[in-house]
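Working through the structure, step by step
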2 protein chains.
Amino acid sequence: MRRSRRGRHHGQTDTSHQRQVIYRNLKNPLIKQPAFSADRLEAIHDTALRVLEELGIKVLNSEARQYYAQAGASVDEASMMVKIDRELVASALETAPSEFILHGRTPAHDVTLGGDNINFVSVGGAPHISDLDRGKRPATLEDTRNIIKLCEHFDIIHLQSPNVESQDIAVHLRHYPVTQSQLSLSQKPFFIFSRGSEQIADAFTMTRIAYGLSQEEFEAKPWCYTVINTNSPRQLDLPMCQGIIDFAQAGQVSVITPFTLAGAMAPVTMPGALVLQHAEALAGILLSQIVRSGAPVVYGSFTSNVDMKSGSPAFGTPEFVQAAFGAGQLARHIALPWRGSAATASNAPDEQSVYEFLMSAWGSILGGVNMMVHSAGWLEGGLTGSMEKFILDIEMLQIFAEIFEPLKSDDAELAFDAIANVEPGSHFFGCDHTIERYQTAFYEPLVSDWSNFGQWTDNGSKTATQRANGIWKKILLDFEEPALDPARAEELQAFIDRRSAEGGAAVD
Amino acid sequence: MRRSRRGRHHGQTDTSHQRQVIYRNLKNPLIKQPAFSADRLEAIHDTALRVLEELGIKVLNSEARQYYAQAGASVDEASMMVKIDRELVASALETAPSEFILHGRTPAHDVTLGGDNINFVSVGGAPHISDLDRGKRPATLEDTRNIIKLCEHFDIIHLQSPNVESQDIAVHLRHYPVTQSQLSLSQKPFFIFSRGSEQIADAFTMTRIAYGLSQEEFEAKPWCYTVINTNSPRQLDLPMCQGIIDFAQAGQVSVITPFTLAGAMAPVTMPGALVLQHAEALAGILLSQIVRSGAPVVYGSFTSNVDMKSGSPAFGTPEFVQAAFGAGQLARHIALPWRGSAATASNAPDEQSVYEFLMSAWGSILGGVNMMVHSAGWLEGGLTGSMEKFILDIEMLQIFAEIFEPLKSDDAELAFDAIANVEPGSHFFGCDHTIERYQTAFYEPLVSDWSNFGQWTDNGSKTATQRANGIWKKILLDFEEPALDPARAEELQAFIDRRSAEGGAAVD
């Protein structure tokens, strides 16, 4: 398997690029780390069910309350409170698929969610962008398109993300160029914001046009996803409910992610925060299954803690890591794909941003994450997308992908003959065993500099972040658009022009 | 257990320090990750035994060859090659202890090596020191003493290390002030270089004087350790053999660590490098047990890969992580404590230095490391000790320690009542459940900055490394020496004066 993923280019003279890698369709073979014993895991699940049964969840969307009521939940219209029996939850967990394929423009870009499959998703929802040249500033469509291009460039990014916000485009029109950019600059499964039925319907139509699908073909398979953040504690707002309903009706993917910050919107204890997360996620999952039995849905978590002095969210903390272990257990307990995160609160693409990112990434990966969101370029607790951090994160993700590769250890790898043929105190640089393998033996880093101090000083004493600056620029410069069929591209533009002329799509 | 480690200070008015933690005597509860199936692990072990039986190891020290010969190994004096039967290795593995205590000046500073115990050891053997103010420069005794103070200050550092080299002191005299500094500025178990019998004997005597021990009392327990690096491939040099012999005779600890860089001093395949590592370590372990049956010894590994373009060593690579998983398996296979590393090749305390460090640290920790060397302040592949990197690393080690703490999840932690008492869409900031716990709920970071972008900018837009600069300076300024008994300190100084006047101790 390692061999097949690490073949050499043939007939190529540039020896610096002889190791070719494909990081699609990764599986995570690491043993999953638990946070809780089996009985305490069951207690957390049971307490979440009690929250839904005895306390209920406030549902601001009347259509959603109707769905819950039809399914047999107890709905109080005056308070908008919905109380849900555990049998209802159990039936939803029976119909929600444990594993499914989210489709790209080509089959090579399909991703599988669930099981041991692991997928990386880049920065999501940041209003600002930053780079070393221009600093932090409101993001524009150009920035959004740049991030889409970086995501398309790197195999290790498996899905397009909520990206940075194109703040130069009004919200009622923003989904047109953003969705168009995702469909034309990238072939990967992509994200649609849940900002009301009109915007969702527009984006679905654009997908059908770009991919040449009938309505029936579109609804037969998942092609895109949305993220549903609950208003913790215990509240589902208008557009979030509508997103679950619209995506389920169309057979597309909802990633239901309570943002349960322990000590703020959730209890100060991590198990308490997970109880709340679990209850809210189950309520959303249930809604999707009421709308369409078997609709693809992902169990999301974003449980972390806050700085108790300031109330600011913190990420990559020990509490975050333990919560990730626990959230992964809960997802396996209900047999659903799990979405986790890699995150940082740092204000700069600095050393803190790296250790917070990497601690949370290890937590998610050892927790068994299937969809790791904010995996590249996320900064400042999600307020900024950073071009240099994007490159640093790609390096770390690629290292993870290489760690996932089973280590080949047949007798030739054990190298007894090579050891026999090298004199004591000598070296293996020139021996056949090395010559046969050295060009493809090791991961070649993207941004790491292994030169000695003198060479590094001669090259300007650049930090990794400074080196990353040149890397993203070169990728954007060299980017080749995976062009859409011209007729479809034209139809897509005509649709956008018409809808824009009609006034766009208001946000609920 | 969490509660007992996280008690509040009483009668203290500075509320920013109400969470007190003790990071001594850590256990690592994480499930250990394997690199190999049981049969391939056995194949690696078996191939290492074949290397010792059929190929042998070159032993440059004649006293060591005599020991091997007496024990029944086949010794060729002309080539200095020693061939070792597997039965000899097996008998050594029966007498070497699986777990033992390495003693500090006080019982509170004792550490346990083996089992699930995990100990962190800071930078070892760097000739240079660097900080943001003065850059990189040859290290001096003052720098060595500064590192000793930082190690003593932080609970999370469990053993004193080879530190940076006091290059302002000639090598034949260097061990006097360095060992004196370790004994007077710190209470933790400490390191002695294996630079010949005279230096080792001097350091042992200094330890007896400082701790008030008879020769018999000293030899009855381990108080200090040395690191033995083989000259890979398949060679043990003069001082390394002598170190094993002298430490074993005195009942002190040898950490036998082949430095097997895949593609350079070891086969280019990681399993091949581990075969060589294992063979060399077993040869050293055997020597210790021949000299003194039951002598405390640690199975060390430092297997990584090189940059095949330049031959430079690389650390924190995916290959490093996989080798760490495998080395941990090998250590458990032979039931010995395992020494691993956290390392980086970066030339600066930058983002690369953090992700390489943290990848290798996770590899070692998931491999089940008992003694993680170079865990604070190591830079540039070991050529430089960095004051700022030391602080960054401490932050990461403390996060690990918190992750190791079992997450309490009794019914009160599940917070059903708190969830019931907080309105939907509201928050938990003021509720009783939070108030009762918030001061001790979460890890308080050392260097992470969780302020918002505006505050961070107002504070000078400092990176984590820049903030670390102020932290180590304050610790050194406030450092209180854990003074030795004055009579012992005086006797120690008299010994040093006498030995210095006699000309010190030549290095073999």
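Just so you know, these numbers come straight off a predicted model, no measurement behind them. (Residues numbered from 1 in each chain as written. Chains lettered and ligands numbered in written order. Predicted model: local features only at pLDDT ≥ 70, side-chain atom pairs only at ≥ 80, totals over all residues. Heavy atoms only, no water.)

Regarding the overall build of chain A
Scanning chain A from N- to C-terminus turns up 19 helices and 22 strands. A compact globule built from 508 residues would reach a C-alpha radius of gyration of about 23 Å, and chain A, at 24 Å, matches this within 12%. Taking the principal axes of its C-alpha atoms as reference, chain A extends roughly 85 × 60 × 45 Å. Residues classed as buried in chain A amount to 65% of the 508 residues present. Summing over all exposed atoms, chain A offers an accessible surface of approximately 16,800 Å²; the carbon and sulfur share of this is 50%. Computed over 41 positive and 61 negative side-chain charges, the inter-centroid distance for chain A is 1 Å. (Helix = DSSP H or I, 4+ residues; strand = E, 2+ residues; numbered from the N terminus. Rg over C-alpha atoms; globule rule 2.2 N^0.38 Å. Buried < 20%, exposed > 50% of the residue type's maximum accessible area, 1.4 Å probe, protein only. Areas by Shrake-Rupley, 256 points an atom, 1.4 Å probe, with all protein chains shown as cover. Lys, Arg positive; Asp, Glu negative; His and termini not counted. Charge placed at Lys NZ, Arg CZ, Asp CG, Glu CD.)

Some remarks on the interface of chain B and chain A
On the side of chain A, 114 residues touch chain B, which itself brings 114 residues to the contact. Here chain B and chain A share an interface that buries about 9,600 Å² over both sides, 69% of which is from carbon and sulfur atoms. Across the contact surface, chain B and chain A share two salt bridges. Residues Arg-40 of chain A and Asp-411 of chain B are paired through a salt bridge, measuring 2.8 Å at the closest nitrogen-oxygen approach. Connecting chain B to chain A are 46 residue pairs in polar contact (both at pLDDT 80 or more). Grouping the amino acids of the side of chain B that touches chain A by side-chain chemistry returns 60 nonpolar, 27 polar and 27 charged. (Contact = heavy atoms within 4.5 Å. Buried area = accessible area lost by both parts, 1.4 Å probe. Salt bridge = Lys/Arg side-chain N within 4 Å of Asp/Glu carboxyl O. Polar contact = N/O pair within 3.5 Å; in protein donor to acceptor, adjacent residues only side chain to side chain. Nonpolar A, V, L, I, M, F, W, Y, C, P; charged D, E, K, R; others polar.)

Section: the domain arrangement of chain A
Residue and element names in this part refer to chain A. Domains assigned within chain A are domain 1 (23-45 + 86-406 + 443-508) and domain 2 (46-85). The C-alpha-based centres of domain 1 and domain 2 are spaced at 28 Å. Each side of the interface is counted separately: domain 1 has 28 residues, and domain 2 has 25 residues. With both sides pooled, the region where domain 1 packs onto domain 2 buries about 2,400 Å², and carbon together with sulfur makes up 64% of that total. Per-residue buried area on domain 1 facing domain 2 is highest for Arg-86, Leu-88 and Arg-234; these three make up 30% of the total on that side. In this structure, Arg-86 engages Glu-53 in a salt bridge whose closest nitrogen and oxygen atoms are separated by 3.1 Å. At the junction of domain 1 with domain 2, the criterion picks out 24 residue pairs in polar contact (both at pLDDT 80 or more). Sorting the residues of the side of domain 1 that touches domain 2 by element identifies helix H2 (38-55), helix H4 (86-95), strand S14 (235-236), helix H9 (238-249) and helix H10 (270-291) as the ones contributing at least two each. (Domains from an automatic or database assignment.)

Details of the relation of the copies chain B and chain A
The operation relating chain B to chain A is a screw motion whose rotation component is 180°, with 0.0 Å of axial translation and a residual RMSD of 0.0 Å. Put plainly, the chains are arranged around a two-fold axis. Of every C-alpha in chain B, the one belonging to Glu-351 of chain B sits nearest the axis of rotation, 2.4 Å from it. Looking at chain B, 100% of its interface residues are interface residues in chain A too, so the copies touch through the same face. (Least-squares fit on C-alpha atoms with pLDDT ≥ 70 in both.)

Observations regarding the sheet that holds strand S2 (residues 57-59) of chain A
Residue and element names in this part refer to chain A. Taken together, four strands build an open sheet; the order of strands is S3-S4-S2-S14 and the sheet is mixed. Single-partner strands in this sheet number two, and they are strand S3 (74-76) and S14. Looking at chain direction, S3 and strand S4 (residues 81-83) are connected through three bridges and run antiparallel. Along S4, the bridge assignment pairs Ser-74 with Lys-83. (Pairing = 2+ DSSP bridges.)

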